[in-house]
Each structure stands twice: as structure tokens, then as C-alpha cells.
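Residue-level listing of the chains:
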Amino acid sequence: MEEEEKGLAAAEVPAVERLLVMVEEIAAICDFRNAYRKQLGNLSRRIKLLAPMFDELKDSRDPIPESTARTLAPLEDALASAKELLRFGSEGSKIFLVLERDKIMKRFQEVTAQLEQALGGVSFDELDISDEVREQVELVHAQFKRAKERIDMPDPELYGDLLSLHNKGTDASADPTILGKLAEKLQLMTIYDLKQESLALHEMVVASGGGDPGANIEKMSMLLKKIKDFMQTQNPEMGTPANSKFLSDGKPKTLVIPDDFRCPISLDLMSDPVIVATGQTYERTCIEKWLASGHDTCPKTQQRLSNVSITPNFVLRSLIAHWCEANGVELPKRPTRPSKPSSACSSSERANIDALLCKLSSPDLEDQRSAAGELRLLAKRNADNRICIAEAGAIPRLVNLLATADPRIQEHAVTALLNLSICEENKANIIASRAVPGIVHVLRNGSMEARENAAATLFSLSIVDENKVMIGASGAIPALVSLLSEGTQRGKKDAATALFNLCIYQGNKGKAVRAGVVPLLMGLLTEPAGGMVDEALAILAILSSHPEGKAALGAAEAVPVLVEVIRSGTPRNRENAAAVLLHLCSGEQQYHYLAMAQDCGVLGPLHELAMNGTDRGKRKAVQLLERMSRFMEQQQETQAQAASLVRTQFEVLAEAEQSEIPTSTALVDL
């Protein structure tokens, strides 16, 4: 029996390795410069998140049961299909991909369904993988399930323009404006791009064997020639990508950078936007210089900063990248960080850091306390210090100090980790050092300042999506809810910010609800003087999409409070209150909540929000008004039916009374 098990394990290791290699090969396919960039990028990103599962299976000492191994086989087939699609999306003809939109989207749906089905058939209970990795894979499975149910079509205008030009024939003249738009959207702006497209079409001709598809591809080649001729008239040298759009007369037009994309300090397009404690966003280098010069206020609002931590604004960075791509603008280069400690700080500074690390390992508590405190301040000072401290090996030593019984050392250690986590490169090192359990320990048991900084550290780490799963599984959410309940004003804000970020992941929403966060948030809504209304509504807007969140909101009698916020709150709070109410009015008890909202006089505030709210607030208000209108129509129909039924009953009774008169008379005569 032992020999059979060993043989089975030996047979299955190559299969797991094949899966891991396939994911790595898919991760290497990254040049999606065509109309399907978003769809291909999403598919690639989701598949890459499966790598930790295969890593753990590869390193596991336990053999995979034969029945479980069989459930992995369909996943290998699905990954092979995805790899083929991604490779074609990266190397295939951009013109062909757009013109064959329906076939390509059908293939997307088939591959997505195949991956979803394959993941759904895996017996995770039988696999030797951690809870964090399992939750991450289940998150990917849920994403594939949602993607399978919707079709995200590419740019319809691009498809229409290209199809129109394709159908005109080879001799028809083309509008230069259309050709300019096509060249830009297809990213056929340089001689290299045009040559690659020509090679891709040539490969398709060879693959078709000269049959009917070849004739179709010939028309695509003529279309490519028109684009090439146009680009050569615009730029005879054709050496580098063009960064400007074309007007109808062929001249470039000056692009206006949206104000939100400019740094308030430098007024330049941001390449590395970061958020400060007031919620304002700045270019990283600009705000770091501001803080390094001794300022403790927000440059734009002049508010005093509660802390000097900065957080990458990934959402805005992504929007800027999309805007640059859409407008043919080269994305500003992010400043590169030095890779060697010697280039980040001087030899004397490095020697000082090394000496502090030695003191961290000293048995003397006073040495530990002073060293941790000094590292905390150094990490707060500037980005170069954060890199040097991390590269010197401080992170594992600071993590070890999180369990100390000395409250001051513990506070210094967690705050130093918070300051180090500001540097994106350090986040992975902190997670790899298994810091999360120690941070959660401080969050539960530390001094109030230590708990506040532990919450802020968890927020900083949770910016990376994969970390949300791990932090949620660590028991952090109940501890954050406790801090939200009993912390100082700053502590409550740190806890709320971390909870908001963690609850973006669906699996953490139920944990937060079960930890009792909804009644607590409702209490904060009814205390405007507490200054937590914004945070409370933002979290409720996320939790209200979860079934347990809806149930908890109903139990907390949230509707009257939400209606009052829609009536008199700030624009952002009115928007979030409408979002929460819309979720409540979309479930099984929607008529109950619609009736409550009607009784609370929601119609007037909703009409006003639909006219004067934020864009999102207007959409939510319109959706609620539509639901309310249907509900009121049903009410009227029900009332009309009830009135009709009452009239019918009266008529029946009246007829019965008339028919009973003779009978009564006869009885009297007897």
C-alpha cells in the first residue's frame, strides 16, 4: 500500500508542476495592445492569482489523493485554452480581433465558463493548502462565475468604423479623421507596430492554406495599407509613437489634462499619486519633499495632518494610465527607487541602522525600547530610510517585538512597521515575515496608540488585494470593530478606514456583520457630532450588498435614518445613503422597505437628489424612484382590487337580503 501511495505521489507531482509552469507562462504574456486589453488583462490577472495554490501543492509533503488529482485535470485543459486565447490576443492581428468581435467574445465566454467549471470541480477539502490561499482561489472562482454571466463588449465605435471601412472595398477613399482614430485605437502608430500587424496577417494567410479565409484576410491587408499610408503622410519619419490626437484637418490638437490628474503642488500630470491623512491626493515626490521640510499640514486644505503616512492611490493611478492610453500620451515615468542600500543612504546612516538592529536583539529592554523608537522615527522621515531599514533586515526583528509584554516597545514596533509599509516594496516583506498575526495581537491587546497604529498598518497592507483575504482570515475584523466602538476619534477613523478597505472583498463582509459592526455604524450615523458619519455610511454602502448586511440593517431599523440623510446630508453621504436604501429595496423584503421609506417621506428627497446630487447619487435616486413608482402602482392595483371585492361582497349580501324577505314572512305566519 505504501508503494502505491508513493507511486501516486510521484505521478502527480509533475501534473502540479505543469499547472504551475502553465500559470507562469500565462503571466509572461502581457502585451495586450488591442481592443481587448481590459478583457485579456482581467483573464490573465485572475489566472495569476492561482499560482500560490500550485506553489503550496508543489511544496506539500502529503500526496494528492487519486480522486482529488482527477479533479485537477479539467483545470489543466482550461488553462491551456486560456493560454491559447491570451497568446492570440497578444500576438494576433489587431484588425482581425476587432472585425471578428462576435467570435472572439464567444471564445472569451467559453474559456471563462471552462475555467469556472474546472475550479468548481476541484475538491479543496482534500488539498493541502492554507485557508488564505483557499479563500483567494474561491475569490477567483467567484470572479469567473460573475464574468461568465456578463458580456463585456469592446469599443463599439472602433468596431463600427473598422467594419465600415472594411466593407467599402479596396478602391474606396477613406476619411482621414476615421483613419487617424483607427490608427490610435488600434495602436498602429509606429513602423514597428505596422510591421507586426502585417506579420500577424501573413501568419493567418499561411495558416488558412489559401482558402476563403485568405480572401477575407486580403481585404484586411488592404485596410492595413490604408492606415499605413495615412500614418506616413502624417509622420514621414515614422520613428516613434505619436502622442497627439488628430483633428479633421490632420493637425494635432493640444490635450487638456483633467484637474484631478494634476498634483496640487506641481500642477503636473501625476505618475505616482498618493493619499495623505486628509484624503487629498498628491504626487509622491512632491508631498514627501513637503513633509521632509518639516510641514505637518495638508498643502491644499491647510488642515493639520493627524499622521504623516501616505497611501498609494491605485484607483487614480489606473485612471491616469487609461486616460494616457486613450489619448496617446506617454505615461509619466514613476521615479525609480534605488535597489542597493548604499545608493539610498550613506555608509554612516547604514552603520547607524545596523547598530540599532543589534540593539533590537539585545536582552536589555531599554536597548530594545530606544532602538525601536529611533527606527520608528527614521522610517517616518523619508522614503530612502524606509528602503534602507527594510533591506538591513529590520522587518522580521520588529515583527518579533510585537509579542513583547512591554507596551512601549510594542507601540514603537508596530508604528515602525506602519511607517515602513508606506513603501510599496516593503508591503510584501512585511506579509512574508508573518507580521499580520502579531499586528492583530497588538490591535487586541496593545495601548490605545498602539491599537490605532496597528489598525492603520492593516489598512496600509490591505491596499494589495491579495492581502485582504489573509487579513480577514487572521481575526482582524472583530478587533477592528472593537476599536471602532471604544477607540479615540483617531482610533475610530483608523478602524473605519481599515474595515472599509477589507470589506471590499466579499468574503470579509459577512465577518464584519457577524462581528456586530452594523448596529455600531448605525449608532455613529445618529451622532453627527462624533464626526464619523462619512465613514459609517461608506462602510454600510459596501455591507448592504451582502445578504447578512441587509438583514442586520433591517434589524437595526435603518430606513428612517437613511431617509433623513438623503434629505439633509452632505452630497457624498446622500449618495451613500441612497445606495444602501437601494440595496435594501432590492431583496426579498423590498416591498416592506419601500413601504417604510414611503411612510418616512422619501419621495421628495429622492426627487431633489435625482436633480442635484452627485452623478452616482442621481443614478441611485432614479433607480429608487423607479422602484417606488412600481410599488405605488401595485399598491393602487391592490387597493382597487380590494375595493372591487368589497363592492362585490356588498352586492351579494344585498341580493341575499332581498331573497330572504319572503322566507321570513312565511315563518312569521306559521
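Because the structure is a prediction, the values reported are computed rather than measured.

Brief notes about the overall build of the chain
Argument step 1. A tally of regular secondary structure across the chain gives 34 helices and 5 strands.
Argument step 2. Counting only residues that meet the buried cut, the chain has 45% of its 670 residues in that class.
Argument step 3. Within the chain, residue pairs in contact and separated by at least 24 positions form 71% of the contacts whose partners lie at least 6 positions apart.
Argument step 4. Put simply, the chain shows about 33,200 Å² of open surface, and 52% of that area lies on carbon and sulfur atoms.

Topic: the layout of surface pockets
Argument step 1. In this model, the second largest pocket occupies a volume close to 630 Å³.
Argument step 2. Along its surface, the second largest pocket is lined by 21 residues, and Glu132, Ile431, Ala432, Arg434 and Met470 are the ones closest to its centre.
Argument step 3. Every element with two or more residues in the lining of the second largest pocket is listed here: α3 (51–59), α7 (131–148), α20 (424–432), α21 (435–445) and α23 (465–473).
Argument step 4. Considering each element in turn, the lining of the second largest pocket owes the most residues, 5 residues, to α20.
Argument step 5. Its residues assigned to classes, the lining of the second largest pocket comprises 10 nonpolar, 4 polar and 7 charged.

Examining the packing of aromatic side chains
Argument step 1. A full pass over the atoms with the stated rule returns 1 aromatic pair.
Argument step 2. Relative to Phe631, the ring of Tyr591 has its centre 6.1 Å away and its plane inclined at 20°; by these criteria the two rings are stacked. Here Tyr591, found in helix α32 (residues 590–599), pairs with Phe631, found in helix α34 (residues 615–669); they are 40 residues apart in sequence, far enough to count as distant.
Argument step 3. On the basis of relative accessible area, Tyr591 is assigned to the partly exposed category, the value being 42%.
Argument step 4. We note Arg46 situated over the ring of Phe144; from NZ or CZ to the ring centre the distance is 6.0 Å.

Side note on the pattern of salt bridges
Argument step 1. Under the counting rule described, the total for this entry stands at 26 salt bridges.
Argument step 2. Arg284 serves as the salt-bridge partner of Asp272, at 2.7 Å between the closest nitrogen and oxygen. Linking Asp272 in the loop between β2 (252–253) and β3 (273–275) with Arg284 in helix α12 (residues 284–292), this pair joins segments that are 12 residues apart in sequence. The pair Asp272 / Arg284 is uniform in exposure class, with both members buried.

So, the packing of helix α24 (residues 476–486) against helix α27 (residues 517–525)
Argument step 1. As a packed pair, α24 and α27 sit with axes 10 Å apart at the nearest point and diverge in direction by 25°. Judged by the inter-axis angle, α24 sits roughly parallel to α27. Seen along the crossing, α24 lies across α27 with a hand that is left-handed. Mapping the contact onto sequence places Val481, Leu484 and Ser485 in α24 and Val517, Leu520, Leu521 and Leu524 in α27.
Argument step 2. Looking at the contact of α24 with α27 residue by residue, the class counts come to 6 nonpolar, 1 polar and no charged.

Things to note about helix α31 (residues 571–584)
Argument step 1. In this model α31 runs 20 Å from its N-terminal to its C-terminal C-alpha over 14 residues, within 8% of the 20 Å that 1.5 Å per residue would give.
Argument step 2. Buried residues dominate α31, accounting for 11 of its 14 residues.
Argument step 3. Those residues of α31 lying buried are Asn573, Arg574, Glu575, Asn576, Ala577, Ala578, Ala579, Val580, Leu581, Leu582 and Leu584.

Focus: empty space enclosed by the protein
Argument step 1. Applying the stated rule across the entire model yields 2 cavities of 30 Å³ or more.
Argument step 2. What the second largest cavity holds in volume is close to 40 Å³.
Argument step 3. Lining the second largest cavity, in full, are Ala35, Tyr36, Val98, Arg101, Pro154, Asp155, Leu158 and Tyr159.
Argument step 4. Across the lining of the second largest cavity, the residue classes break down as 6 nonpolar, no polar and 2 charged.

Let's talk about the nonpolar core
Among soluble globular proteins, nonpolar side chains are generally buried collectively.
Argument step 1. Grouped together as the largest cluster of nonpolar side chains are 97 residues, with contacts concentrated most on Leu484, Val517, Val518, Leu521, Leu543 and Leu581.
Argument step 2. If one sorts the elements of this core by residue count, helix α28 (residues 533–543) sits on top with 8 residues.
Argument step 3. If we skip the residues at most four places from it in the chain, Val518 touches Val513, Leu540, Leu543, Ala552 and Leu553.
Argument step 4. Tyr36, Leu57, Ala118 and Val122 belong to the second largest nonpolar core, which has 42 residues in total.

Details of the sheet that holds strand β5 (residues 311–312)
Argument step 1. Strands sit in the order β4-β3-β5 across an open sheet of 3 strands; the sheet is antiparallel. A single partner strand is all that each edge strand has here, and the edge strands are β4 (281–283) and β5.

Points about the environment of Val513
Argument step 1. If you trace the backbone, Val513 turns up in helix α26 (residues 506–514).
Argument step 2. Sequence separation between Val513 and Pro547 is 34 residues; the distance between their C-alpha atoms is 9.9 Å.
Argument step 3. Ignoring sequence-local partners within four residues, the contact set of Val513 consists of Val518, Leu543, Glu548, Gly549 and Ala552.

Looking at the environment of Phe631
Argument step 1. A residue is classified by how much of its surface remains accessible, and Phe631, at 7% relative accessible area, is buried.
Argument step 2. Sequence spacing of Phe631 and Gln598 is 33 residues, and the spatial spacing of their C-alpha atoms is 9.9 Å.
Argument step 3. When neighbours within four sequence positions are excluded, Phe631 is seen to be in contact with Tyr591, Leu594, Ala595 and Gln598.

A word on unusual backbone geometry
Argument step 1. Its identity is not glycine, yet Arg434 carries a phi of approximately 55°, on the positive side.
Argument step 2. With respect to the helices and strands, Arg434 occurs in the loop between α20 and α21.
Argument step 3. Of note, Glu557 is a non-glycine position whose phi angle comes to about 50°, a positive value.
Argument step 4. The residue Glu557 is located in the loop between α29 (547–555) and α30 (559–568) in this model.

Some thoughts on α21
Argument step 1. The set of residues buried in α21 consists of Ala435, Val436, Gly438, Ile439, Val440, Val442 and Leu443.
Argument step 2. Buried residues along α21 sit against α18 (394–401), α19 (407–421), α20, α22 (448–461), α23 and α24.

Description of the confidence of the model for the chain
Argument step 1. In the predicted model, the chain carries a mean pLDDT of 79, and 84% of its residues have values of at least 70.
Argument step 2. Segment residues 1–13: pLDDT under 50, and 7 contacts once partners within four positions in sequence are set aside and those in other chains are kept.
Argument step 3. Predicted confidence for residues 337–343 stays below pLDDT 50, and this span has 14 contacts to residues more than four positions away or in other chains.

Overview of the packing of α27 against α28
Argument step 1. Where α27 contacts α28, the axes come no closer than 9 Å and their chain directions differ by 145°. Between α27 and α28 lies a crossing of left-handed hand. Taken together, the residues of α28 that come into contact with α27 (itself represented by Val517, Val518, Leu521, Met522, Leu524 and Leu525) are Val533, Ala536, Leu537, Ile539, Leu540 and Leu543.
Argument step 2. Taken together, the residues that form the contact of α27 with α28 break down as 12 nonpolar, no polar and no charged.

Overview of the side chain of Ser462
Argument step 1. Structurally, Ser462 is set in the loop between α22 and α23.
Argument step 2. Looking at Ser462, its side chain comes within polar contact range of the main-chain oxygen of Phe459, at 2.8 Å.
Argument step 3. Of the polar contacts made by the side chain of Ser462, one reaches the side chain of Asn501; its length is 2.9 Å.
Argument step 4. Excluding residues that lie within four positions of it along the chain, Ser462 makes contacts with Asn467, Lys468, Ile471, Asn501 and Leu502.

Focus: the environment of Leu609
Argument step 1. Here Leu609 is to be found in helix α33 (residues 603–612).
Argument step 2. Residue classification places Leu609 among the buried positions, given a relative accessible area of 0%.
Argument step 3. Through-space distance from the C-alpha of Leu609 to that of Glu575 is 8.2 Å; in sequence the pair is 34 residues apart.
Argument step 4. Ignoring any residue separated from it by four or fewer positions in sequence, one finds Leu609 in contact with Ile566, Arg574, Ala578, Gly617, Lys618 and Ala621.

Rules used in this analysis
- Residues numbered from 1 in each chain as written.
- Predicted model: local features only at pLDDT ≥ 70, side-chain atom pairs only at ≥ 80, totals over all residues.
- Heavy atoms only, no water.
- Helix = DSSP H or I, 4+ residues; strand = E, 2+ residues; numbered from the N terminus.
- Buried < 20%, exposed > 50% of the residue type's maximum accessible area, 1.4 Å probe, protein only.
- Contact = heavy atoms within 4.5 Å.
- Areas by Shrake-Rupley, 256 points an atom, 1.4 Å probe, with all protein chains shown as cover.
- 1 Å grid on protein atoms, 1.4 Å probe; cavity = no way out; pocket = protein on both sides within 12 Å on 5 of 7 lines; lining within 4 Å.
- Points joined across faces, edges and corners; volume = space filled by probe spheres on them.
- Nonpolar A, V, L, I, M, F, W, Y, C, P; charged D, E, K, R; others polar.
- Phe/Tyr/Trp six-rings, centres within 6.5 Å; stacked < 30°, edge-to-face > 60°.
- Lys NZ or Arg CZ within 6 Å of the ring centre and 35° of its normal.
- Salt bridge = Lys/Arg side-chain N within 4 Å of Asp/Glu carboxyl O.
- Axes fitted to C-alpha atoms, helices over the stretch in contact; angles between N-to-C directions.
- Parallel < 35°, antiparallel > 145°, perpendicular 65-115°, else oblique.
- Left-handed = near helix turned anticlockwise from the far one by under 90°.
- Expected span 1.5 Å × (residues − 1).
- Core = buried A, V, L, I, M, F, W, Y, C linked by side-chain atoms within 4.5 Å.
- Pairing = 2+ DSSP bridges.
- pLDDT = per-residue confidence, 0-100.
- Polar contact = N/O pair within 3.5 Å; in protein donor to acceptor, adjacent residues only side chain to side chain.

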